[in-house]
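# Coordinate inspection notes
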Amino acid sequence: MTLVNKTKNTFVLTTPLYYVNDVPHIGSAYTTIAADVIARFQRLLGNQVLLITGTDEHGQKIQRTAENLGKAPQEFCDEIVPSFLNLWQVLNIQYDRFSRTTTANHQAIVKEFFQQVWENGDIYQGQQKGWYCVSCEEFKEERELLDDKRCPIHTTKPVEWRDEQNYFFRLSKYQTKLEEFYQSRPDFIQPASRRNEVLNFVSQGLQDFSISRVNLDWGFPVPVDSKHTLYVWFDALLGYVTALLEPDDPEPTLANALKTWWPINLHLIGKDILRFHAVYWPAMLMSANLPLPERVFGHGFLTKDGQKMGKTLGNTLDPIALVKSYGSDAVRYYFLKEIEFGKDGDFNEIRFINVLNADLANDLGNLLNRTLNMVQKYCAGKVPAIAPEVIPVENPLKAIGLRLGEQVKQAYETPAFSEACLAVLSLVQASNKFIDEQAPWSLYKQGKQEEVEAVLYTVLESVRLAAYLLSPIIPNISSDIYQQLGWGINFNNQPESSIAAPFTNHAKWGLLSDKQQLGTPQPIFKRIEPLKND
Ligand code: MSP
């Protein structure tokens, strides 16, 4: 499946808009790293990309947190937002829009959207009774709850009983339309396990959901009744739309927001907020008569001892500290390679260090270093003047290299990041093995210069291809490798109009030529000292 809007060559993707009840943790970083990798990959393909992230600032959870700290909610949000901006910078995230749900533009978009749904007759007043989890900002079914009426996700938090007048959205009206939509667009919800979850949930019968709260001020007033505050999720999902406004749009209207980038190609989210994105959101859009997004991908949780890491349970990792100790490429690489995207994965620091040492320091780093050193010794420091066609297709590295670009492209598009990493690693590992078997040092001693050159060319080209294909994940390391191979390309700085390293040329095996002036060999990833208790 191609993901791009074919007529426009645009690709829009979103992370969730994060709650600002606390500074970000590694769980919030996870989705954003994944989104950044997809965005970078799409840019290499030559598409115009818009990566949207931001913060979700209304609702009871934020209001309570601010109150407990004796702060006004807006003041509190304003204090937390910079910690997200800072984390994205530290993690080398190239986002295009940062959407905050407390802006005046957003209020205008929400108001206009509400009006359309209202005019369509899909909003009415009723009595809401049920158990509410403030941490999820969601009503829970009684059967979902753990003992002592605790939320299954925020296991230390009891849910709260609510019995109040609310405005409701007529979700039940969209039951059949949604079912038809899921049938006609089997790729809409991914991976397949999540699609099944949603189909199962919908088949049990959809109930209207309440979209307003009383006894809560922190949010937008319901446009038709200012005694009610709009439910945080109704407002938050529309943050994706507000983000599409251009800075120079004359007015914050739906027409302006939707004109260039809509519909969104991919919503990347965690599995806990699947229902909102795969059921409520498309129904809301249907009600407002708008085209639906292309895809929703629900990934798994980062866990600690099997429990979701999070602010509420306080069992999380500080991403800033992790980046300080190991660098942003290391953190990006570990989480994407080690956890199958879509499944849960436990973090373990010993494993973290082992993986980085094995893959980045030993396999990739040593390969580049030893090959460049041999090129200095045996080829006067110059890329051997070999035409790639001369290397036979049976050559084990060329054989992998010729199909790797397409394979990795598919993995990024799925997205299956660990598959992308493993495919690239197979070339890197085969290259190390090839050097050991061919032993260029002994070929050199025997005076077989042509063979030495063919081996070293083949390996250098394979390192280049590996670096290129991993560049969305480890842009700093890939830039260093490219620079040592004589390209002045920085993967963090790809101009939008003409990409410095387009996929069509650089993902092909055989690009390296003797025109490249090799740089000085330098380690690209320093081996990490194992922890004391290792
Ligand atoms: N504000 C809503 C989203 C609104 S989108 C219009 C929200 N915010 S959140 O901050 O609680 O969560 C944001 C995302 O972070 C979710 O996709 C959630 O799954 C993800 N993660 C939070 N903790 C996580 C882990 N421990 N592991 C992986 N992702 C997790 O929900």
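Small disclaimer: the values here were computed from a predicted structure and weren't measured.

## Description of the overall build of the protein chain
When helices and strands are counted, the protein chain shows 19 helices and 16 strands. For a compact globule of 534 residues, the expected C-alpha radius of gyration is about 24 Å, and the protein chain comes in at 26 Å, within 12% of that figure. Projected onto its principal axes, the C-alpha coordinates of the protein chain cover approximately 90 × 55 × 40 Å. Contacts in the protein chain between residues far apart in sequence, at least 24 positions, make up 77% of those at least 6 positions apart. Approximately 21,900 Å² of the protein chain is accessible, and the part contributed by carbon and sulfur atoms is 48%.

## With respect to the site of the ligand
Taken together, 24 residues lie around the ligand, and Asp56, Gly270, Asp272, Leu302 and Met309 are the ones closest in. Here an oxygen atom of the ligand and a side-chain polar atom of Asp272 are 2.6 Å apart. In the model, a nitrogen atom of the ligand is placed 2.7 Å from a nitrogen or oxygen of the Leu302 main chain. For the ligand, whose free accessible area comes to 660 Å², the fraction covered by protein is 96%. For the shell around the ligand, the secondary-structure elements that each account for two or more residues are strand 1 (10–19), helix 1 (26–44), helix 7 (232–237) and strand 12 (266–270).

## Considerations on the packing of aromatic side chains
Taken as a whole, this structure holds 40 aromatic pairs when the rule is applied. Between Tyr334 and Phe335, the aromatic rings sit 5.3 Å apart at their centres with planes inclined by 85 degrees, giving edge-to-face as the arrangement. Across this residue pair, the class does not change: Tyr334 and Phe335 are buried. With 5.7 Å between their ring centres and 25 degrees between their planes, Phe335 and Phe347 make a pair best called stacked.

## Concerning the state of the cysteines
Under the criterion given, the structure shown has zero disulfides. Among the cysteines around Cys133, which has no disulfide bond, Cys151 carries the closest sulfur, lying 3.7 Å off. Residue Cys133 is classed as buried on the basis of its relative accessible area, which comes to 2%.

## Observations regarding the UniProt feature "domain: Methionyl/Leucyl tRNA synthetase" (unreviewed entry) in the protein chain
Under the UniProt annotation, the feature "domain: Methionyl/Leucyl tRNA synthetase" (unreviewed entry) is placed at residues 12–145 and 146–372. Taken end to end, residues 12–145 is 46% helix and 26% strand, and its first and last C-alpha atoms sit 36 Å apart.

## Describing the sheet that holds strand 4 (residues 123–133)
To summarise the sheet geometry, strands pair through backbone hydrogen bonds and adopt either a parallel or an antiparallel arrangement. The strand order across the open sheet built from four strands is 5-4-6-8, with neighbouring strands paired in antiparallel fashion. What marks the edges here is a single partner per strand, and that holds for strand 5 (138–140) and strand 8 (209–210). By the bridge criterion, two bridges tie strand 6 (residues 160–169) to strand 8 in an arrangement that is antiparallel. Residue pairing across strands places Phe169 opposite Phe209, the latter belonging to strand 8. Most of the contacts of helix 10 (residues 274–287) go to strand 6, to which it runs at about 30 degrees, and overall it touches strand 5, strand 6 and strand 8.

## A few points about the domain arrangement of the protein chain
On domain assignment, one finds that the protein chain holds domain 1 (10–122 + 170–299) and domain 2 (348–507). In this structure, domain 1 and domain 2 have C-alpha centres spaced 39 Å apart. Tallying the contact residues gives 16 residues for domain 1 and 21 residues for domain 2. For the domain 1 and domain 2 pair, buried surface summed over both sides reaches about 1,500 Å², with 65% attributable to carbon and sulfur atoms. In terms of surface lost to domain 2, no three residues of domain 1 exceed Val37, Phe41 and Leu44, which account for 42% of the buried area on that side. Inspection of the region where domain 1 meets domain 2 yields zero salt bridges. Where domain 1 meets domain 2, there are eight residue pairs in polar contact (both at pLDDT 80 or more). The set of elements that each furnish at least two residues to the side of domain 1 that touches domain 2 consists of helix 1 and strand 13 (295–299).

## Considering the side chain of Gln190
By the secondary structure assignment, Gln190 is in strand 7 (residues 189–190). Residues within four places of Gln190 in sequence aside, it is in contact with Arg295, Val296, Phe297, Gly298 and Thr414.

## Remarks on the pairing of strand 6
The pairing of strand 4 with strand 6 spans 10 bridges and is antiparallel. Within strand 6, the residue paired with Gln125 across the bridge is Tyr167.

What counts and what doesn't
- Residues numbered from 1 in each chain as written.
- Predicted model: local features only at pLDDT ≥ 70, side-chain atom pairs only at ≥ 80, totals over all residues.
- Heavy atoms only, no water.
- Helix = DSSP H or I, 4+ residues; strand = E, 2+ residues; numbered from the N terminus.
- Rg over C-alpha atoms; globule rule 2.2 N^0.38 Å.
- Contact = heavy atoms within 4.5 Å.
- Areas by Shrake-Rupley, 256 points an atom, 1.4 Å probe, with all protein chains shown as cover.
- Near = heavy atom within 4 Å.
- Polar contact = N/O pair within 3.5 Å; in protein donor to acceptor, adjacent residues only side chain to side chain.
- Phe/Tyr/Trp six-rings, centres within 6.5 Å; stacked < 30°, edge-to-face > 60°.
- Buried < 20%, exposed > 50% of the residue type's maximum accessible area, 1.4 Å probe, protein only.
- Disulfide = S-S within 2.5 Å.
- UniProt positions renumbered as here; feature names shortened; annotations may be inferred.
- Pairing = 2+ DSSP bridges.
- Axes fitted to C-alpha atoms, helices over the stretch in contact; angles between N-to-C directions.
- Domains from an automatic or database assignment.
- Buried area = accessible area lost by both parts, 1.4 Å probe.
- Salt bridge = Lys/Arg side-chain N within 4 Å of Asp/Glu carboxyl O.

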